[in-house]
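A structural walkthrough
Here is what each chain is made of, one letter per residue.
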Amino acid sequence: MAKLSPEEIKDVLTSITHGLSTSTYECMICCENIRPGNRTWSCGVCWAVFHLNCTQKWARKSSNGSRTTETWRCPGCQNISDVIPEKYKCFCGNVENPLNNRYLTPHSCGNVCGKKRDCPHNCTLLCHPGPCPPCSAMAPIQHCYCGRETFQLRCIDANYGIGKSCGETCGQLLSCGKHYCEKECHDGACPRCNINEMQKCYCGKTERKAECGDGIPIRCCEEFNNESNVWTGLFSCNNSCDRLLECGHHSCKKECHPVTGEPEPCPLDPSRVKTCPCGAESIVTLLGHERLSCTEEIPLCDNICKKLLPCGHECQESCHHDDCKPCTLSIRVKCRCGSTEYERICSEVVGKTGEPPTCDKICTGNRNCGRHQCNTRCCPSANKTKPSKKRVTQQDDDDENHRCTLICGKKLQCGRHYCQLLCHRSYCMRCLEASFEELTCHCGRTKIFPPIQCGEKVPPCTFDCIRSRNCGHPGIKHPCHNDDEPCPPCPYLVDKKCTCGKSTVKNVPCHQTNVSCGQVCDLPVSCGGHRCKRTCHLGDCLANTSNQCTQICGKPRKPCDHPCAVQCHAPAKCPEDTPCQTKITINCACGHLSQNVTCGATMENALKMGDRRLQCNDFCALAERNRKLANALEITDRVGDGPFAKAIPEYEEDLFKYFAVHKDWAKNIETTLEEFIMKSQKPTLNFPPMKPPHRKFVHILCAHYRLSSESIDVEPKRSIVVKKKADTIIPPILLSQAYINYNKSNSSNSTSSATSSTAPEQLVRKQKQPFNAIYLSEIQPGMTIEELHKIIEPLMGRNKFQIKRVSDSDMTVLPLVGSMHMDELESLLAKLKLLFKDLIVVKGIASWVELCWVNSKYEVVWRERGKILNNFDGYKRVEYDFRIPSVIANNNPFDILANVSNSTSSARNTVIGSSDNNNKEQQQKVEPAANFDIVENWESIYDE
């Protein structure tokens, strides 16, 4: 057979035939090509062809080895079959084991197919695989719906069993028998006639308007004045007939009924009535003769009527015309439940209209469901044996009075539907809902075929989930799951708008919905006087506080102008009769002493509280003496005027040296810290990663700004985080400003020392003096170590320390270093020195704070004041000699400062001693140093 092109293989028949003829058709079970000599089987639904042996193995494995009871599915279309093929037949099924003929399609018998199609004609092709092609013959002659016209179509175009409309008017007689159908030729019965007409009743007295065909037609007629009137009655008007009877004296009292034209006999005719109304006496006995006409009255006897009433009693009235009256006997009757007896008129409780009396007793029995109580008033089944909750008899189920009429409402096993039966005992029936659609997982590759019982769960899918995210990011690889299980959250980092809408937060997980920028909300609060202090949030600012502002009022109080410390009370005024609780500092007259006290001002004592002062003491006199002496010598180490002047910060020499090498970088750090303190609203500042020397410089510099600094992360990404504190300030003299004086002093010192200093001394000046403790001079009299410990403890934070007394007025503070490095210890002590000055010296607890070195015996072998004093004594100075420095021989401070010249701004005489390897001392000539600064710690020299 010639090979066909893809365009020629257009349908299933052609493709299967071509594949089998060229031996390229694959069995879907073994994936091997089907040869002409192989035994085959073809599915009658999907038309796929398989090896017969492969099909039998597939079917037996699917049906667990049984050949009759179990079913199996076709590998191609999953069609369910209950018979396993055993014989090799041709495609039409008429020939077993067909012979291979190379002129025919393989596995074909060569006979006419003859399979039935959806038309009267059978397939005319030779035995072939796949579906039979559409019929090309002409269909039989067909009639339209109304039967007037005929038509003939091709068999493929004919709709058998549906018919065709000719488009003309139907014209068939409707069910009313009067009118004809006016619709277009249509399928099925004609509709009901909708024409309205006037209809007469059976008696002919009433008419109505109704649709044609309504009612039961009956021919009625009557004669009047020898004239006959005939009509068709269709309904009864329910009125009295009132036609004259045969006697001509009485009229008919029946409801409207068909009239035949002949009068009906009179019920009072003498031939019909032979006795009195009660039937006890005959007419002849009472009258002595028969009644002559129907108009003659029927006589009454004197006997009791005794007709049997509906209740079973006899009528107690005397013989009477018309119907008997209701029974008036009084009887005792029980209520419906039988628990109480009542005396009632017989006609009220017996008969069609009578009902037994009811009592007020509530039935406490259970209904036949065993779950609900009856609760019916005067229940007829109240006194019956109550059904057991565990055992119910057939009699209990048949009791209509205790039948539960509530809906069960229990959730069925499917978990979706509820039992809609009446409340019942035992288990509910299984859910009868079923689905005839395939139950598939989300990806559609795992499925269950219908019918599917309600509650059936989707089988676990082993493939990956194919859901696409709404965010547009690619999904994470994970197994396919049900719709009620969410996919893993999107891990991609994106930029999102914060909840307050002020800024865009970067590197936020895509799945995160509520994003906070960390900034303060700062929106006006409903009280009108505050702004929201919450960080970036959703909803109303006061939603968490029941719409009530909980911030401190903060408005200035009239008595003292301090901010009001009461919770927001808008729009009420601030309480002016309550003492102000703000902490203020009061000073002595000279300003040397200060103390923190509570303001306590009210409208009554505002002036009294504002005039409070401390009494000056000996320390004030000493400070005043030092100030006058400094003014006389034109020396200053303070910034500002008045008693509250700030001392010039003492920057470490390491800071000056590092600043000299990295000026631009250090100035940038100064600017960054100044902007952070003055302009930034953030509590922290993160520096970029930097090298250890840079970090050491920043740590020491932050101590002068009273900032908390901490190194974070690991090398090489280690950086510094700076945090604000309550007492954070900007130094009055910046490092860059102090460096100018330091540089001038060093240049003048180097010029003078180039001619007068020896080489060994120059080497000594380059070295650095270590320190491990803080020295407190002139402690306040009466101050104990325990009291000083309580004052210093808040400044030390988590660092442990001990205090040693050096003399009656001096003490040392030694941190317990543990495993702390020496550089870290010196950095800590530099910070603590500044804190001690601002707290201890200002409050008058000590007069001076300095760094010192304490040996293992707790002896002070070096301190900063001692280093300065050694520049003026007459003895040799040995750096890093950890001995207690020698004291000054001359105790008169004016003799020490006698070399100060009036013509120059400052001058100094120095005597420097040195020693060589042979322990020979050389005395060098003392020369005045030009532009040499006066010693800074002149007060300490005077005190010594």
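Residues numbered from 1 in each chain as written. Predicted model: local features only at pLDDT ≥ 70, side-chain atom pairs only at ≥ 80, totals over all residues. Heavy atoms only, no water.

The Sequence similarities (unreviewed entry) comment attached to the protein in UniProt states, word for word, "Belongs to the NFX1 family." Of the protein, the UniProt comment under Subcellular location (unreviewed entry) reads exactly: "Nucleus". (UniProt positions renumbered as here; feature names shortened; annotations may be inferred.)

1. Thoughts on the pattern of salt bridges
For the structure on display, the rule yields 15 salt bridges. Of the charged contacts, one joins E96 and K87 as a salt bridge, the two residues approaching to 3.3 Å between their closest N and O atoms. For the salt bridge of R467 with D483, the shortest nitrogen-to-oxygen distance reads 2.6 Å. With a gap of 16 residues between them, R467 in the loop between strand 18 (452–453) and strand 19 (493–497) and D483 in the loop between strand 18 and strand 19 connect regions that are remote in the sequence. Each of R192, E211 and D214 takes part in salt bridges that share partners, so that together they form one network. (Salt bridge = Lys/Arg side-chain N within 4 Å of Asp/Glu carboxyl O. Helix = DSSP H or I, 4+ residues; strand = E, 2+ residues; numbered from the N terminus.)

2. Looking at a nonpolar patch on the surface
Where nonpolar side chains cluster on the molecular surface, the patch consists of L421, M429 and L432 and spans about 320 Å² of accessible area. Residue position: L432 is located in the loop between helix 5 (394–398) and strand 15 (434–435). (Patch = residues over 30% accessible without salt bridge, like charges linked within 9 Å, V, L, I, M, F, W, Y side chains within 5 Å. Areas by Shrake-Rupley, 256 points an atom, 1.4 Å probe, with all protein chains shown as cover.)

3. Some words on the sheet that holds strand 31 (residues 848–854)
Reading across from one edge, 29-30-28-31-32 is the order of the 5 strands in this open sheet, with antiparallel pairing throughout. Each of the sheet's edge strands pairs with one partner strand only, and the pair in question is strand 29 (801–805) and strand 32 (860–863). Strand-to-strand, the axes of this sheet are offset by a mean angle of 35 degrees, without reference to chain direction. Pairing of strand 31 with strand 32, which is carried by 3 bridges, proceeds in the antiparallel orientation. Counterpart to V854 in the pairing with strand 32 is V860. Of the strands in this sheet, strand 28 (773–777), strand 29 and strand 30 (811–815) touch helix 13 (residues 785–796), which is tilted by about 145 degrees from strand 29. Sitting on the sheet, helix 14 (residues 822–841) touches strand 28, strand 30 and strand 31, and the angle it makes with strand 31 is about 155 degrees. (Pairing = 2+ DSSP bridges. Axes fitted to C-alpha atoms, helices over the stretch in contact; angles between N-to-C directions. Contact = heavy atoms within 4.5 Å.)

4. Section: the packing of helix 13 against helix 14
One way to put it is that helix 13 packs onto helix 14 with a least axis distance of 11 Å and a crossing angle of 135 degrees. With respect to helix 14, the axis of helix 13 lies oblique. The crossing of helix 13 and helix 14 is right-handed. Seen from helix 13, the contacting residues are I791, I792, L795 and M796; seen from helix 14, they are L832, L835, F836, L839 and I840. Residue composition of the contact of helix 13 with helix 14, by class: 9 nonpolar, no polar and no charged. (Parallel < 35°, antiparallel > 145°, perpendicular 65-115°, else oblique. Left-handed = near helix turned anticlockwise from the far one by under 90°. Nonpolar A, V, L, I, M, F, W, Y, C, P; charged D, E, K, R; others polar.)

5. Thoughts on the side chain of E670
Relative to the helices and strands, E670 resides in helix 9 (residues 663–678). Here E670 occupies a buried position and makes no salt bridge, while the nearest side chain of opposite charge, K667, is found at 7.5 Å. From its side chain, E670 meets the backbone nitrogen of L735 in a polar contact 2.9 Å long. In terms of polar contacts, E670 uses its side chain to reach the backbone amide nitrogen of S736, at 2.9 Å. (Buried < 20%, exposed > 50% of the residue type's maximum accessible area, 1.4 Å probe, protein only. Lys, Arg positive; Asp, Glu negative; His and termini not counted. Polar contact = N/O pair within 3.5 Å; in protein donor to acceptor, adjacent residues only side chain to side chain.)

6. Quick look at the pairing of strand 11 (residues 218–224)
As judged from the 7 bridges shared by strand 11 and strand 12 (residues 227–235), these two strands associate in the antiparallel manner. Directly across from F224, in strand 12, lies its bridge partner E227. The turn joining strand 11 and strand 12, which pair antiparallel and follow one another in sequence, is formed by 2 residues; a positive phi near 55 degrees is taken by N225.

7. Things to note about the nonpolar core
Core analysis: the biggest nonpolar cluster contains 27 residues, and L673, F687, L701, L707, V722 and L735 have the highest contact counts within it. At the level of secondary structure, the elements contributing two or more residues to this core comprise helix 8 (653–661), helix 9, helix 10 (692–704), strand 27 (719–723) and helix 11 (735–756). Ignoring anything within four residues of it in the chain, the contact list for L707 reads L673, F676, I677, C702, V722, K723, K724, K725 and T728. Of all hydrophobic cores here, the second largest spans 26 residues; its members include I792, V813, L825 and L828. (Core = buried A, V, L, I, M, F, W, Y, C linked by side-chain atoms within 4.5 Å.)

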